[in-house]
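# Notes for the structure review
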Amino acid sequence: MDYRLCLQGILYVLHQDVAWQLLPLDMGFGSGQTCWRRLNRWRQAGLFGKLHRLLLTGLNVAGELDWSRACVDGCHARAKKGGAATGPSPVDRRKTGSKHHLILTARAPHCTSSRPPRSQRHH
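Okay, so let's go over this structure.

Conventions used here
- Residues numbered from 1 in each chain as written.
- Predicted model: local features only at pLDDT ≥ 70, side-chain atom pairs only at ≥ 80, totals over all residues.
- Heavy atoms only, no water.
- Phe/Tyr/Trp six-rings, centres within 6.5 Å; stacked < 30°, edge-to-face > 60°.
- Helix = DSSP H or I, 4+ residues; strand = E, 2+ residues; numbered from the N terminus.

### Some remarks on the packing of aromatic side chains
- Scanning the entire structure with this criterion turns up three aromatic pairs.
- Judged by centre distance (6.1 Å) and plane angle (40°), the rings of Tyr12 and Phe29 are tilted. Linking Tyr12 in helix α1 (residues 3-16) with Phe29 in the loop between α1 and α2 (32-44), this pair joins segments that are 17 residues apart in sequence.
- Counting every residue linked through ring pairs, the aromatic cluster contains Tyr3, Trp42 and Phe48.

Structure follows, in structure tokens:
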């Protein structure tokens, strides 16, 4: 399956909020299962973090990030099954999860980052 078509299938599923198995085959994106496996493989390889950094670098070089006004927020996402990048919740230490941050600039509201819990960070 062509990488570009598979990416378009992934974006279609995420944008249209449909189940993977309901991805229409006649659109030429491949099966939902193929797109999901490719998404999972790319995520595990860190591809989306790299793409995000490239996008932000390009936007910054082009002068599209206006840091004169910015809003920062964060949340703790619960992870019932745990995982390598999870740790205790800052609110309820018995629950596991991960910390996520969102930075909104005046022009580009798409600067995000995720951090493993303090117990998982290397100093």
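Anyway, onward from the coordinates.
### Structural notes on the environment of Thr96
- Looking at the element boundaries, Thr96 is found in strand β3 (residues 96-105).
- The spatial distance from the C-alpha of Thr96 to the C-alpha of Thr86 is 6.0 Å, given a sequence separation of ten residues.

Structural measurements only, silent on function.
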